[in-house]
Amino acid sequence: MGQAVTTQSLSMTCHQLDLSSFSPSSVHPRTDQDRRITHRRIFQFASEIVSALRNALGITESGSDLTPPGPLTVFLDLIEWQVLKMRTPMICWAFFLLVLLGKACNGFYLPGSYMHTYSTAHEIFAKVNSLTSIETELPFSYYSLPYCQPHGGVKKSAENLGELLMGDQIDNSPYRFRMNVNESVYLCTTKPLSEHEVKLLKQRTRDLYQVNMILDNLPVMRYAKQNGIDIQWTGFPVGYTPQNSNEDYIINHLKFTVLVHEYEGSGIEVIGTGEEGMGVISESDKKKASGFEIVGFVVVPCSVKYNPEEMTKHHIYDKITPVDCPSDLDKSQIIREQERISFTYVVEFVKSDIRWPSRWDAYLKMEGARVHWFSILNSLMVIVFLAGIVFVIFLRTVRRDLTRYEELDKEAQAQMNEELSGWKLVVGDVFREPDCPKLLCVMVGDGVQITGMAVVTIVFAAFGFMSPASRGMLLTGMILLYLFLGIAAGYAAVRMWTTIKGTSEGWRSISWSVASFFPGIVFVILTILNFILWGSHSTGAIPISLYFILLALWFCISVPLTLLGGLMGTRAEAIQYPVRTNQIPREIPARKLPSWVLVLGAGTLPFGTLFIELFFILSSIWLGRFYYVFGFLLIVLLLLVVVCAEVSVVLTYMHLCVEDWRWWWKAFFASGSVSIFVFLYSINYLVFDLQSLSGPVSAILYLGYSLIMAIAIMLSTGTIGLLTSFYFVHYLFSSVKID
């Protein structure tokens, strides 16, 4: 969150500064007198900015705090020292240009949205997202249940591509909040519940569906105790079923606590310059723009039985007498036919020291940082172990053999060739064309595309650009990156095809196959899952219009870029093999165990690097938790790339040493086989960690999405392993002298 805080505060501070006094003549001084005036102005201006930044970020001087100064504090101290003590013009100019840049480009706020300040009694309406459940994973519309509807009807908020694919449906709601006005409000009373409504409410209650409310882009949060441990949830339940009871009770009374932070923005005013030509700048009457920012949104849900005849006398937003949450079930609102349910809520505004840039910290807390570090340490040990093996291969085996081989004269080499064993015997077969070369090239192209998408997305997310406040932004960014990286996929696939075949003939077919292979697999799986979601009337079903949008994006962006990349691949210089390939393939000696056993077993090493982070990712997806430790994920991704490369090189060398020259596909699946363990782990997670998941529909959805993830991981890791092994083999045999 540190990156987000810095960017937001700098942007907000820069917007409050008055730059009107810096005229062209002052910015470009013509005389010594103008230059002195300008320098004095900038000295004072930079000092004001440093002070404003300290106030915005809540940073004191480094010497006034018992805690060690952070990097941002040290930076501000250094600037202030240069400005006030050394009066260095270059530092001032650089800082001044930084502020001008922030002013000119309007800045950007992280995470997600611009800050809103509200005056007292300002009306703010909450929004509602789809109802969600960790038991079914089928989202439904909020207004599919008999809730109070807003004046003017239900209006959907604009949704981006990622939100639609995730099943989000954000609508307006009748819940009104007036800034700093504590009140107890009546909302509405429903008509007598029909049999269908009762059945639906009971089903949603027993499936543990949650209502997801949003205020000023903050999801509502609920605190609960489970086994003596405080648990934090987003949303509140539709209803509850007491233990040892067959009756269900609806949540119809909400106690909201809205945390607000009082914001005061101050500008500076520049006063005249004086006849002596000396710049006089003072902090005059500050123009204060006060307001309140929403920094927290908490709810306590409860069920209260009202007298419907008395409640119907009220109108919407009428004030009522506050009520306490009853502990007696007789005073709670039961779900039953012909029952009329009255909805009410209480709002309390509480001032908080939490600043607006830090308001998401409560949602993004992820326990178990030590577990992440243990995972990284475990991966580093695996990398060191494999790196030691590769080091031994290169220095003790390969280099020694090559040195002996090159020091002999031709007659001795000819005699030695008759006695050779191991990888040197397959010199005439090692670059023989693999089985199904077209499929291999297509999978490598798609692997390059997926790997590039993953790396760029995680890097941007690690630096704070993929915010949970911008719902669907992560998925939207991944899709757009995948589409535009089609050029890299086409180039890699066609260049490998040209290298294997020695000609670029057929590159168009390769490019079209690359553009269609992985998207086609995803399209088939999503279509099957979508029919299931349509049958369940879930908002998670992809609309037909979105299908056409995705198809248009694929056809208009991905396909042309893939063909362009393929064309560039044909014009790139083909990689020349260092040795000639014999016409007759060499016989491969028989072995006790099939080579595929070793290849599939090799996937356990990359999986050991990945599986702990995979647990947190699956928990965030299927248990409704926020995942925001992208820094850890970036480190794990880099370690995974290294492990995949090392495993593939070691396995390739082992196969060449036993005179097995069919290394292409084995190098691909040596690291790509990690996807098998990922899918098996997903099944294990379904059985042991998602025990609450109920029904075959939910299980099919889970397995379908897990299959897409496993295929993407296979293509990515397999591509890393194959390309690394190819350059290893090319380097190895380019060092051998062959007549």
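This one's a predicted model, so the numbers in the text were calculated from it and none came from an experiment.

**So, the overall build of the protein chain**
Working step 1: Of the regular secondary structure elements, the protein chain holds 22 helices and 14 strands.
Working step 2: Put simply, the protein chain has 739 residues, and 49% of those count as buried.
Working step 3: Considering only contacts in the protein chain between residues 6 or more positions apart, those separated by 24 or more positions represent 83%.
Working step 4: On the protein chain, roughly 36100 Å² of surface is accessible, and the fraction owed to carbon and sulfur atoms is 61%.

**Regarding the nonpolar core**
Working step 1: Counting residues in hydrophobic clusters, the biggest one holds 146 residues, and the most contacted among them are Tyr-175, Phe-177, Met-213, Phe-256 and Phe-733.
Working step 2: Sequence-distant contacts of Phe-256, defined by excluding residues within four places in its chain, comprise Tyr-175, Phe-177, Met-213, Val-220, Phe-297, Val-298, Val-299, Tyr-345, Val-346, Val-347 and Glu-348.
Working step 3: In this structure, Leu-483, Ile-542, Tyr-547 and Ile-557 belong to the second largest nonpolar core, which totals 7 residues.

**As for the state of the cysteines**
Working step 1: Counting across every chain of the model gives 2 disulfides.
Working step 2: A sulfur-sulfur separation of 2.3 Å characterises the disulfide bridge that pairs Cys-302 with Cys-325. On the sign convention where negative is left-handed, the bridge of Cys-302 and Cys-325, at about -55° about the S-S bond, is left-handed. One end of the pair, Cys-302, is in strand 13 (residues 288–302); the other, Cys-325, is in the loop between helix 8 (308–311) and strand 14 (342–351), with 23 residues separating them in the sequence.
Working step 3: Among the residues examined, Cys-302 registers a relative accessible area of 6% and is labelled buried.

**Regarding the pairing of strand 2 (residues 171–178)**
Working step 1: When you tally the buried positions in strand 2, you get 7 out of 8 residues, the bulk of the element.
Working step 2: Across 5 bridges, the pairing between strand 1 (residues 123–128) and strand 2 is antiparallel. Residue pairing for strand 2: Ile-124 is matched across the bridge by Phe-177.

**Structural notes on the side chain of Ser-716**
Working step 1: You can see Ser-716 is positioned in helix 22 (residues 696–734).
Working step 2: The buried category is assigned to Ser-716, whose relative accessible area is 13%.
Working step 3: Setting aside residues no more than four positions away along its own chain, Ser-716 makes contact with Gly-447, Ile-450 and Thr-451.

**Details of the environment of Cys-325**
Working step 1: Note on Cys-325: relative accessible area 30%, which makes it partly exposed.
Working step 2: Sequence spacing of Cys-325 and Cys-302 is 23 residues, and the spatial spacing of their C-alpha atoms is 5.6 Å.
Working step 3: When residues no more than four places from it in sequence are discounted, the contact partners of Cys-325 are Lys-255 and Cys-302.

**Quick word on empty space enclosed by the protein**
Working step 1: In this structure the tally under the stated criterion is 1 cavity of 30 Å³ or more.
Working step 2: The computed volume of the largest cavity comes to approximately 60 Å³.
Working step 3: Its residues assigned to classes, the lining of the largest cavity shows 8 nonpolar, 2 polar and no charged.

**As for the packing of helix 15 (residues 507–535) against helix 22**
Working step 1: At their nearest, the axes of helix 15 and helix 22 sit 10 Å apart, and the two run at 175° to each other. With respect to helix 22, the axis of helix 15 lies roughly antiparallel. Facing Phe-517, Phe-518, Ile-521, Val-522, Ile-525, Leu-526, Leu-529, Ile-532 and Leu-533 of helix 15, the residues of helix 22 in contact are Val-697, Ile-700, Leu-701, Gly-704, Tyr-705, Leu-707, Ile-708, Ile-711, Ala-712 and Leu-715.
Working step 2: When the residues that make up the contact of helix 15 with helix 22 are grouped by side-chain class, the tally is 18 nonpolar, 1 polar and no charged.

**A look at the confidence of the model for the protein chain**
Working step 1: Residues of the protein chain with pLDDT of at least 70 account for 75%, and the chain-wide mean is 78.
Working step 2: Per-residue pLDDT stays below 50 along residues 83–88; that stretch engages in 11 contacts with residues further than four places along the chain or on separate chains.
Working step 3: Per-residue pLDDT stays below 50 along residues 99–112; that stretch engages in 40 contacts with residues further than four places along the chain or on separate chains.

**Points about the environment of Leu-564**
Working step 1: Looking at where Leu-564 falls in the secondary structure, it is placed in helix 16 (residues 544–571).
Working step 2: With relative accessibility at 39%, the residue Leu-564 sits in the partly exposed group.
Working step 3: For the pair Leu-564 and Ser-511, spaced 53 residues apart in the sequence, the C-alpha separation amounts to 8.7 Å.

**With respect to the sheet that holds strand 1**
Working step 1: What the 4 strands build is an open sheet, ordered 2-1-5-6; its pairing is antiparallel. With partners counted over all chains shown, the strands left at the sheet margins are strand 2 and strand 6 (218–219), one partner each.
Working step 2: Direction of pairing for strand 5 (residues 213–215) relative to strand 6: antiparallel, over a ladder of 2 bridges. Each residue of the ladder has a partner; that of Ile-214, found in strand 6, is Pro-219.

**Re helix 21 (residues 674–688)**
Working step 1: Relative to the 21 Å expected for 15 residues at 1.5 Å per residue, helix 21 spans 21 Å between its end C-alpha atoms, a close match to the ideal helical length.
Working step 2: Tucked into the core, helix 21 has its buried residues touching helix 18 (604–622), helix 20 (664–672) and helix 22.

**Concerning the packing of aromatic side chains**
Working step 1: Evaluated as defined, the whole model comprises 35 aromatic pairs.
Working step 2: On the numbers, 5.4 Å between centres and 20° between planes, the contact of Phe-256 with Phe-297 is stacked. Highlighted residues: Phe-256 in strand 12 (residues 253–266) and Phe-297 in strand 13, separated in sequence by 41 residues.
Working step 3: A centroid spacing of 5.7 Å and a plane angle of 85° characterise the contact between Phe-523 and Tyr-547, whose relative ring orientation is edge-to-face.

What counts, and where the lines are drawn
Residues numbered from 1 in each chain as written. Predicted model: local features only at pLDDT ≥ 70, side-chain atom pairs only at ≥ 80, totals over all residues. Heavy atoms only, no water. Helix = DSSP H or I, 4+ residues; strand = E, 2+ residues; numbered from the N terminus. Buried < 20%, exposed > 50% of the residue type's maximum accessible area, 1.4 Å probe, protein only. Contact = heavy atoms within 4.5 Å. Areas by Shrake-Rupley, 256 points an atom, 1.4 Å probe, with all protein chains shown as cover. Core = buried A, V, L, I, M, F, W, Y, C linked by side-chain atoms within 4.5 Å. Disulfide = S-S within 2.5 Å. Pairing = 2+ DSSP bridges. 1 Å grid on protein atoms, 1.4 Å probe; cavity = no way out; pocket = protein on both sides within 12 Å on 5 of 7 lines; lining within 4 Å. Points joined across faces, edges and corners; volume = space filled by probe spheres on them. Nonpolar A, V, L, I, M, F, W, Y, C, P; charged D, E, K, R; others polar. Axes fitted to C-alpha atoms, helices over the stretch in contact; angles between N-to-C directions. Parallel < 35°, antiparallel > 145°, perpendicular 65-115°, else oblique. pLDDT = per-residue confidence, 0-100. Expected span 1.5 Å × (residues − 1). Phe/Tyr/Trp six-rings, centres within 6.5 Å; stacked < 30°, edge-to-face > 60°.

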